[in-house]
Amino acid sequence: MDLGLKGKTALVTGGSRGIGKAIARALAREGVRVAICARDKAACDAAANALARETGGDVHGFQADMSSAEDINRLMAEVTEALGGTDILINNAARVGGTGGPDSLAELNESMIQADFNTKVMGYLRAARAVASYMQRRAWGRIVNIDGMAARVAGGISGGIRNAAVANMSKVMSEELGPKGITVNVVHPAATATSDWEQRLEVISRRQNITIDQVEANMAGKNAIRRLVDVDELGAVVTFLCSHQAAGITGECIAVSGGASSSVTY
């Protein structure tokens, strides 16, 4: 199937590893010119070069801290200069849930909550605002916000706050931008096998006093597919949402979780 993405431009935040890198790879394979950003410039350049070699695509690396409004403004200017604009925005830069320390009412970590909110909610919002004018001029655009299952189920305090906020603001943005040819959707990854995932497994392992293999087996056993979702599977869903064929999908939250919850979501 031709997704109609060849020649489009995309920015993937937090694109040097894990989910972001997998999405960048999938887009580059479709002929999209891709910019990725991360806080670590050397790591981002290395990832961009690796993706370009692997896909034969046009991939550029940029340094940016998505919790900084100044960095976001600079990033957008640099991406525009390099690629001419941004047709597709993948908001992905955020701390992996469960890796920042205690996240409960009893051990409330206000500084962590504020940092998470500023990066994931305000960072996503600022980036979307920055690309919206370009997309509106072209009467075409795709924004996909990578969120989390904590928007739907009770988890940590910070995870619930930031993920629910992203889901709600994405719906609001879809209503505003829909008449202008721009779709806005949310993708909820659940337990997904990434390099960052090892850190979360270690945290859970210590908390529950079981081995990392047991933690992973327990999580996989709760999924309908009885395994963790691979990042490339997630990248494929995000890429489809960016396509011309997905023009009728907007304001939606799609879980790529392997059937991690038995809840029925309308």
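The structure this text deals with has already been given above.
Residues numbered from 1 in each chain as written. Predicted model: local features only at pLDDT ≥ 70, side-chain atom pairs only at ≥ 80, totals over all residues. Heavy atoms only, no water.

## Quick notes on the nonpolar core
The line we're drawing: The nonpolar core is taken to be a set of buried Ala, Val, Leu, Ile, Met, Phe, Trp, Tyr and Cys residues, with the residues joined through side-chain atoms within 4.5 Å. For each residue, the accessible area found with a 1.4 Å probe, counting protein chains only, is set against the maximum for its type, and the residue is called buried under 20%, exposed over 50%, and partly exposed in between. Numbering of helices and strands runs from the N terminus, with a helix taken as a DSSP run of H or I at least four residues long and a strand as a DSSP run of E at least two residues long. By definition in these notes, contact holds between two residues if any of their heavy atoms fall within 4.5 Å.
Ranked by internal contacts, the top residues of the largest apolar core, which has 59 residues, are L27, V34, I36, I90, I143 and I146. The greatest single-element share of this core, amounting to seven residues, is contributed by helix α4 (residues 110–138). When neighbours within four sequence positions are excluded, L27 is seen to be in contact with L5, A10, V12, V32, V34, I90, T239 and C242. Grouped together as the second largest cluster of nonpolar side chains are eight residues, I204, V215, M219 and A220 included.

## Topic: the sheet that holds strand β9 (residues 253–256)
Hydrogen bonds along the backbone pair up the strands of a sheet, which may run parallel or antiparallel. Selection rule: Here, a strand pair is defined by DSSP locating no fewer than two bridges between the strands. Think of each axis as a best-fit line through the C-alpha atoms, taken over the contacting stretch in the case of a helix, with angles from 0 to 180 degrees between the N-to-C directions.
Read from one edge of the open sheet, seven strands run β3-β2-β1-β4-β5-β6-β9, paired in parallel fashion. Single-partner strands in this sheet number two, and they are β3 (59–63) and β9. Ignoring which end each strand starts from, the neighbouring axes of this sheet average 20 degrees apart. With six bridges connecting them, strand β5 (residues 141–146) and strand β6 (residues 182–189) associate as parallel partners. Bridge pairing in β6 places R142 opposite T183.

## Examining the side chain of R25
Within the secondary structure, R25 sits in helix α1 (residues 18–29). Classification of R25 as buried rests on a relative accessible area of 13%. Every residue in contact with R25, bar those within four places of it in the chain, is listed here: L51, E54, T55 and D232.

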